[in-house]
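Coordinate analysis (summary)
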Amino acid sequence: MHELGVTESIAGIVLRHARMNGAKRVLKVNIKLGELTGIVDHYVAFYWDMVTKDTVAEGAELNFIKVPTMARCARCEEDFHIQEYDLTCPRCGEIASDIVSGREFLVESIEIE
Ligand SMILES: [Zn+2]
């Protein structure tokens, strides 16, 4: 369970940003969440309420933008969604070695007032 740590990191970024912009309140946080991270969004939401208690980010809505795990085939350059750890290119059958997305966990934007 590493959601507490990542939620604290995200809260730190959001609070720093809110302070720099003189925010009275954080309304919404858009978070890019890669499938490959294994991070479960509802745990993040649960910890969020805990780590932001009594801050300007308390009660902010978390919007998770799910990023699928995508690989790129070195032979035919097809991008495809990896499922069940299968890296076989659906177009040519080559085993892809290049993961191009799915590891993201970052604050994309925040909405403040
Ligand atoms: Zn291919």
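Shown above is the structure to which this text applies.
Attention here is on the structure that accompanies the text. Just so you know, these numbers come straight off a predicted model, no measurement behind them.

Take Ser101: it is sitting in strand β5 (residues 98-101). Given the relative accessible area of 15%, Ser101 is considered buried. A distance of 3.0 Å separates a polar side-chain atom of Ser101 from the backbone oxygen of Pro68. When sequence neighbours within four positions are dropped, the list of residues in contact with Ser101 reads Val67, Pro68, Thr69 and Met70.

A separate point is the sheet that holds strand β1 (residues 26-34). The three strands are arranged β2-β1-β6 in an open sheet whose pairing can be described as mixed. Each edge of the open sheet is held by one strand with a lone partner, namely β2 (61-67) and β6 (105-112). Direction aside, the axes of adjacent strands within the sheet are offset by 20° on average. Note: β1 against β2, seven bridges, orientation parallel. Bridging across to β2, Lys32 finds its partner in Ile65. In the packing of helix α1 (residues 3-20) onto the sheet, contacts are made with β1 and β6, and the angle to β6 comes to roughly 35°. With respect to the sheet, helix α2 (residues 41-51) is in contact with β1, β2 and β6, its orientation differing from that of β2 by roughly 155°.

The geometry of two aromatic rings is summed up by the distance between their centres and the angle between their planes. All told, the structure shown has one aromatic pair when counted by the stated rule. Note on Phe46 and Tyr47: the rings are 5.4 Å apart at their centroids and 65° apart in plane angle, and the pair reads as edge-to-face.

Quick notes on the rules
- Residues numbered from 1 in each chain as written.
- Predicted model: local features only at pLDDT ≥ 70, side-chain atom pairs only at ≥ 80, totals over all residues.
- Heavy atoms only, no water.
- Helix = DSSP H or I, 4+ residues; strand = E, 2+ residues; numbered from the N terminus.
- Buried < 20%, exposed > 50% of the residue type's maximum accessible area, 1.4 Å probe, protein only.
- Polar contact = N/O pair within 3.5 Å; in protein donor to acceptor, adjacent residues only side chain to side chain.
- Contact = heavy atoms within 4.5 Å.
- Pairing = 2+ DSSP bridges.
- Axes fitted to C-alpha atoms, helices over the stretch in contact; angles between N-to-C directions.
- Phe/Tyr/Trp six-rings, centres within 6.5 Å; stacked < 30°, edge-to-face > 60°.

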